[in-house]
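Coordinate analysis (summary)
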Amino acid sequence: MAKLTKRKPGSKHQRWEKRFLPRSTTSPTLVYGLGGLGALGLGGGFWGQFGSYLHKAPEDFEAWQYAPWLLAAGAIITGVAIWIGTSGAASVRVGSGGVAEERGQGRRIAWWAIESITLQNGALVVKGTGETGDDETITLSLAALPEAAALTLKEASTRVGDKITLSAEERETVPASSKSEGESITPAPLQLVGKRCSKSDKVIAYEPDARVCPRCERVYRKESVPKTCACGASLAHLRGNQDKASPEVAESDE
Ligand SMILES: [Zn+2]
């Protein structure tokens with residue numbers, strides 16, 4: 001194991017993240033079956049339309065009248081097979097930084113920004129505020145992303161348990177989370193400069209001034225760290241470091 005290196009204050013918070021790829025929710029047999037049927041239609045239609053050239057004199061040529069239709073049907077069936085064979089769900093990341101969907105710009109809801117977690121139509125629905133400050137909804141289908149939904153529910157239970165509104169029966173439909181699932185990735189450090197302190201609302205101008213709640217990733221300025229975070233986690237250790245690190249610095253009110 002690598003020895004823990006001494007880190008700057010404010011960046012102590014060890015972040016982790018798991019990446020989950022969506023499963024195709026369609027049976028592979030159906031996709032292969034349709035694909036094969038489509039290919040047959042394309043081949044048969046093509047042969048019917050143009051194959052006669054090979055055997056007959058031009059004056060005898062008569063394309064089989066259904067050939068264009070067979071060709072079109074083959075193309076459509078092949079298209080359907082491709083469409084249903086590729087899942088519409090986006091890859092998802094779950095970790096210290098909350099829940100994120102890798103679609104377009106990458107949408108993320110931090111744990112502290114989650115407003116509700118519900119189960120709707122076989123999917124775990126996470127609602128909250130996205131990184132841009134807009135309302136965001138991330139839907140984790142239990143069929144396409146069972147591990148991601150399981151990990152989200154597990155992490156949310158310990159971080160923001162009061163936001164979960166799943167009945168006991170609904171919880172049972174979500175599979176249990178296993179540590180081995182998902183691809184472990186190292187998330188980028190939390191961007192702290194420019195964020196506002198959750199307590200004082202002052203802007204963090206200098207990264208070492210920031211303290212991060214390890215449970216919900218709320219950001220505080222070091223002089224404003226409360227004993228208990230709004231998520232309920234004790235932040236005493238962050239206050240303690242602050243006292244030890246700079247006992248000589250007087251608290252300024254600016
Ligand atoms: Zn917190």
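Everything numeric in this text was worked out from a predicted model, so none of it was measured.

**Notes on the coordination of the zinc ion**
Think of it this way: four donors in a tetrahedron around the metal ideally sit 109.5 degrees apart, and six in an octahedron ideally sit 90 or 180 degrees apart. The protein atoms that coordinate the zinc ion are Cys-213 (SG), Cys-216 (SG), Cys-229 (SG) and Cys-231 (SG), at distances of 2.2 to 2.3 Å. Here the zinc ion is ringed by 4 donor atoms whose angles at the metal span 105 to 112°, and the overall shape comes out tetrahedral. Written as a sequence motif, the donor residues of the zinc ion are C-x2-C-x12-C-x1-C. Using a relative accessible area of 0% as the deciding quantity, one classes Cys-213 as buried.

**A few points about the pairing of strand β5 (residues 123–130)**
The buried fraction of β5 amounts to 6 of the 8 residues, a majority that puts the element mostly inside the structure. In this sheet, β5 lies alongside strand β4 (residues 107–120) in antiparallel orientation, the contact comprising 7 bridges. Its bridge partner being in β5, Ile-114 is matched across the sheet by Gly-128. Connecting the antiparallel pair β4 and β5 is a turn made up of 2 residues, with Asn-121 showing a positive phi of about 50°. Examined bridge by bridge, β5 and strand β6 (residues 135–141) share 7 bridges and lie antiparallel to one another. Note on β6: the bridge partner recorded for Val-126 is Ile-138. The turn linking β5 back onto β6 is made up of 4 residues, and Gly-133 within it adopts a positive phi angle of 95°.

**A word on the nonpolar core**
Judged by nonpolar contacts, the single largest core of 38 residues is most densely connected at Trp-111, Ile-117, Leu-124, Leu-140, Leu-166 and Cys-229. Per-element tally for this core: the top contributor is β4, with 7 residues. For this core, the two domains that each supply at least three residues are domain 1 (17–22 + 89–185) and domain 3 (191–246). Residue contacts for Ile-117: discarding those within four places in its chain leaves Leu-124, Val-125, Val-126, Ala-156, Lys-163, Ile-164, Thr-165 and Leu-166. Core analysis: the next-biggest nonpolar cluster, separate from the first, contains 6 residues, Leu-192, Ile-204, Ala-210 and Val-212 among them.

**Observations regarding the pairing of strand β3 (residues 98–101)**
Note that strand β2 (residues 92–95) and β3 share 4 bridges and pair antiparallel. Each residue of the ladder has a partner; that of Arg-93, found in β3, is Ala-100. Between β2 and β3, which pair antiparallel in sequence order, lie 2 residues. As paired strands, β3 and β4 are joined by 3 bridges and run antiparallel to one another. Pairing of Glu-101 across the sheet is with Arg-107, part of β4. Adjacent in sequence and paired antiparallel, β3 and β4 are bridged by 5 residues, among which Gly-104 carries a positive phi angle near 60°.

**Brief notes about helix α4 (residues 146–159)**
For the α-helix, the turn length of 3.6 residues means that residues three or four positions removed from each other point alike. Helix length check: α4, at 14 residues, gives a terminal C-alpha distance of 20 Å against a target of 20 Å (1.5 Å per residue), a fit within 8%. Among the 14 residues of α4, 11 are classified as buried, and the element is accordingly described as predominantly covered. Looking at α4, one finds that the buried residues are Pro-146, Glu-147, Ala-148, Ala-149, Ala-150, Leu-151, Thr-152, Leu-153, Glu-155, Ala-156 and Arg-159.

Conventions we followed
- Residues numbered from 1 in each chain as written.
- Predicted model: local features only at pLDDT ≥ 70, side-chain atom pairs only at ≥ 80, totals over all residues.
- Heavy atoms only, no water.
- Donors = N, O, S within 2.8 Å, 3.2 Å for Na, K, Ca; no water.
- Tetrahedral: all angles 85-135°; square planar, octahedral: opposite > 155°, others 65-115°.
- Buried < 20%, exposed > 50% of the residue type's maximum accessible area, 1.4 Å probe, protein only.
- Helix = DSSP H or I, 4+ residues; strand = E, 2+ residues; numbered from the N terminus.
- Pairing = 2+ DSSP bridges.
- Core = buried A, V, L, I, M, F, W, Y, C linked by side-chain atoms within 4.5 Å.
- Domains from an automatic or database assignment.
- Contact = heavy atoms within 4.5 Å.
- Expected span 1.5 Å × (residues − 1).

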